[in-house]
Amino acid sequence: MTHAYPEVFDFAGFNAPSRIECDIYDLIVEGEIPAEIDGSWYRAIPDPAFPPKFAKDTYLSGDGMVSLMRIENGHADFKQRYVMTERLKDDRAARRALHGLYRNPFTDDPSVKGRDRTVANTTPVWHGGRLLMTKEDGLPYEVDPKTLETKGQFNYGGRLKSQTFTAHPRLDDDSGEMFFFGYEASGLATRDVAFCIEDKNGELQSEDWFQVPYCGLMHDFLVTKEHIVFPLWPMTADLKRLAAGGAHWVWEPEKGSYIGIMPRGGSVKHLRWYRLPARCSFHYLNAHSDGNRVHIDFAPSKVVMFPFIQDASGLHIPPDQAGGRGYVRWTFDLSKPGDDFEETPIGPGGDMPCVARKDAMKKYEVGYIQTFTPQNGPPHVAGPVGAGFNTVVRLDLAGGQHRMTGLGANATVQEHVHIPSRTPGHEGYLIFAVDRHDTMLSEIAILEAGNIERGPVARVKMPFRLRNQVHGLWVEN
Ligand code: V55
Ligand code: FE
């Protein structure tokens with residue numbers, strides 16, 4: 001390699017590129033992995049295969065890596081491979097990064113003009129017998145769930161018209177349907193959004209297009225048993241700015257936020273748009289409907305928290321002021337006119353929300369998030385935002401105490417995923433990677449979801465540093 005990675009937080013310290021493709025059998029386990037845990041844990045990790053073309057690049061552009069921890073009978077095996085995207089193949093052939101800035105093809109080397117540039121680095125998705133590696137700026141790549149070999153790009157054999165596919169589909173465990181969408185669906189900086197449903201057999205059942213008031217970053221959405229909710233926050237894209245070599249996203253609070261709500265069985269023609277002040281959020285914990293009342297649970301912040309979007313917007317915000325004020329429930333009453341909604345606090349601020357799959361889209365009592373608390377140690381750089389979280393939180397939405405646990409003063413935590421238990425009445429488990437900043441090694445922690453404050457029941461020792469995943473997935477055997 002001819003030059004090193006830039007000395008900025010996205011590429012240094014715990015965030016230094018790893019690029020390790022490997023197989024490890026029977027990792028060392030401290031404690032005991034509960035015998036009932038039997039399945040596959042997938043993680044999507046941005047891991048730039050080459051130093052970026054421009055030093056001012058973001059973690060979010062790293063080439064997609066997928067890891068698999070197969071857990072069986074108290075044993076853990078590990079495998080990690082790059083997703084062999086067209087982009088990575090092109091870069092490997094040239095032995096350098098041919099692609100420029102985040103979601104700006106105008107900054108690419110002319111040799112890759114018109115070639116696919118998505119990196120498949122955000123979320124592994126399992127549905128209809130397919131494992132997809134997603135990134136919201138393009139189509140997903142299908143990967144073999146056992147070998148992690150890349151099969152190729154996936155669009156239902158050409159039936160999907162959208163050029164993009166969200167990294168946050170929503171699965172209905174009862175109906176077996178997968179709800180998803182693509183924004184910038186007809187090309188760069190377009191206002192087109194495709195709302196899609198894949199049926200329980202893995203067939204594309206519907207694709208319904210609409211336009212949003214402006215082209216904004218739509219990372220996630222919400223589905224209840226009766227409604228679909230599309231939040232739109234004012235991080236905006238503009239084709240002229242992109243053509244001039246500028247940033248994809250700029251924070252434009254004067255554009256305000258919009259929340260579109262439609263009946264789940266209906267068409268996008270029935271979307272009702274609420275207008276509200278500028279807010280920002282990337283992930284939603286859960287949502288449910290109660291007649292005409294639609295509840296959405298998440299942590300809105302007043303400004304975008306990604307440093308690379310703040311920089312592009314000329315903002316200089318201390319990290320401790322960019323975060324969410326706390327988890328809240330917003331309730332929209334569709335029987336009333338106007339833009340009003342109710343806000344109820346539900347927990348401390350943070351991100352990486354999840355619920356047990358059985359609780360998705362319904363009234364529920366327990367959610368899991370992550371936060372940073374100084375009591376659990378000083379800030380350490382890990383992941384795409386800068387300082388990583390150091391605390392796992394079990395939110396009690398039934399009025400009980402929230403519970404929290406840290407993993408040590410030199411630790412940050414990567415996103416947890418929930419593993420359901422096969423034992424009736426048992427809340428299941430949370431599995432996640434722990435970054436050890438003293439040894440610069442990783443370990444995997446397994447917590448009992450109903451007893452997180454007891455600490456890990458098992459720690460799987462990794463012989464190297466695992467770069468921060470964006471999102472993970474548990475698939476039971
Ligand atoms: C996010 C992650 C992305 C991205 C846009 O977490 C938003 C938010 C890993 O890539 O491209
Ligand atoms: Fe996400």
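This write-up is about the structure you can find in this document. (Residues numbered from 1 in each chain as written. Chains lettered and ligands numbered in written order. Predicted model: local features only at pLDDT ≥ 70, side-chain atom pairs only at ≥ 80, totals over all residues. Heavy atoms only, no water.)

1. A closer look at empty space enclosed by the protein
A water-sized probe rolled over the atoms picks out the places where empty space is left. Per the counting criterion, the structure on display carries three cavities of 30 Å³ or more. Within this model, the largest cavity holds a volume of roughly 120 Å³. Taken together, the residues of the lining of the largest cavity sort by class into six nonpolar, five polar and five charged. In this structure, the second largest cavity spans a volume of roughly 50 Å³. L60, S61, R87, Y102, R103, R117, V119, K135 and D137 are the residues that line the second largest cavity. Grouping the constituent residues of the lining of the second largest cavity by class yields three nonpolar, one polar and five charged. (1 Å grid on protein atoms, 1.4 Å probe; cavity = no way out; pocket = protein on both sides within 12 Å on 5 of 7 lines; lining within 4 Å. Points joined across faces, edges and corners; volume = space filled by probe spheres on them. Nonpolar A, V, L, I, M, F, W, Y, C, P; charged D, E, K, R; others polar.)

2. Considerations on the nonpolar core
In this structure, F195, F230, M235, I259, I296 and W330 are the most contacted members of the largest nonpolar core, which totals 63 residues. Setting aside anything within four residues of it in sequence, one finds W330 in contact with W233, I259, L276, R279, V294, H295, I296, F298, P300, F341, E342 and E343. (Core = buried A, V, L, I, M, F, W, Y, C linked by side-chain atoms within 4.5 Å. Buried < 20%, exposed > 50% of the residue type's maximum accessible area, 1.4 Å probe, protein only. Contact = heavy atoms within 4.5 Å.)

3. Section: the coordination of the iron ion (ligand 2)
For the iron ion (ligand 2), every protein donor is listed as H168 (NE2), H219 (NE2), H283 (NE2) and H471 (NE2), and the spread of their distances is 2.0 to 2.1 Å. Viewed at the metal, the four donor atoms of the iron ion (ligand 2) are separated by angles of 92 to 157 degrees, and the geometry they form is irregular. The exposure class assigned to H168 is buried, which follows from its relative accessible area of 12%. On the basis of relative accessibility, which here comes to 11%, the residue H219 falls in the buried class. (Donors = N, O, S within 2.8 Å, 3.2 Å for Na, K, Ca; no water. Tetrahedral: all angles 85-135°; square planar, octahedral: opposite > 155°, others 65-115°.)

4. Thoughts on the site of ligand 1
Residues in contact with ligand 1, as listed here, are L60, Y102, N121, T122, K135, E136, H219, F282, H283, F306 and V470. A distance of 2.5 Å is found between an oxygen atom of ligand 1 and a side-chain nitrogen or oxygen belonging to Y102. In this structure, K135 approaches ligand 1 through a side-chain N or O atom, which is 2.6 Å from an oxygen atom. Protein chains shield 96% of the accessible area of ligand 1, which is 310 Å² for the free molecule. (Near = heavy atom within 4 Å. Polar contact = N/O pair within 3.5 Å; in protein donor to acceptor, adjacent residues only side chain to side chain. Areas by Shrake-Rupley, 256 points an atom, 1.4 Å probe, with all protein chains shown as cover.)

5. Some thoughts on the environment of R394
Its place among the elements puts R394 in strand β26 (residues 391–396). Look at R394 and you get buried, because its relative accessible area is 7%. Taking the C-alpha atoms as reference points, R394 and Y368, separated by 26 residues in sequence, lie 4.7 Å from one another. The contact partners of R394, leaving out residues within four places of it in the chain, are V366, G367, Y368, H402, R403, E427, A449, G450 and I452. A polar contact of 2.7 Å, which involves the side chain of R394, links it to the side chain of E427. (Helix = DSSP H or I, 4+ residues; strand = E, 2+ residues; numbered from the N terminus.)

6. Observations concerning the pairing of strand β7 (residues 130–134)
Counting buried positions along β7 gives five out of five residues, so the element sits mostly inside the fold. Judged by which residues are buried, β7 turns out to be covered on both faces: R130, L132 and T134 on one side and L131 and M133 on the other are all buried. Sheet topology note: the strand β6 (residues 123–127)/β7 ladder contains five bridges and is antiparallel. Following the sheet pairing, T123 is matched in β7 by T134. Taking the residues that link successive antiparallel strands as the turn, the β6-β7 hairpin has two residues, and the phi of G128 there is positive, at about 60 degrees. Sheet analysis places β7 next to strand β8 (residues 141–143), joined by three bridges and oriented antiparallel. Looking across to β8, one finds that L131 is bridged to V143. In this structure, the hairpin formed by β7 and β8 is closed by a connection of six residues. (Pairing = 2+ DSSP bridges.)

7. Concerning the sheet that holds strand β24 (residues 351–354)
Sheet architecture is open: four strands sit in the order β24-β25-β26-β27, paired in antiparallel fashion. At either margin of the open sheet sits one strand with a lone partner, and together these are β24 and β27 (403–406). Going across the sheet, the axis of each strand differs from the next one's by a mean of 20 degrees, ignoring polarity. Direction of pairing for β24 relative to strand β25 (residues 366–371): antiparallel, over a ladder of two bridges. (Axes fitted to C-alpha atoms, helices over the stretch in contact; angles between N-to-C directions.)

8. Brief notes about helix α1 (residues 86–94)
All buried positions along α1 are accounted for by R87, L88, D90 and D91. All buried residues of α1 lie within an arc of 160 degrees about the axis, which places them on one face of the element. Looking at the buried side of α1, the elements it contacts are β5 (75–82). R95 sits one or two residues past α1 and shows a positive phi near 55 degrees. (Arc of directions from axis to C-beta.)

9. Points about the pairing of strand β18 (residues 257–263)
In terms of residue burial, β18 counts as a mostly covered element, since six of its seven residues are buried. The pairing of strand β15 (residues 227–232) with β18 spans six bridges and is antiparallel. Paired with P231 across the two strands is I259, which belongs to β18. Taken together, the five bridges between β18 and strand β19 (residues 272–276) define a ladder with antiparallel strand orientation.

The analysis is restricted to geometry; functional conclusions fall outside its scope.
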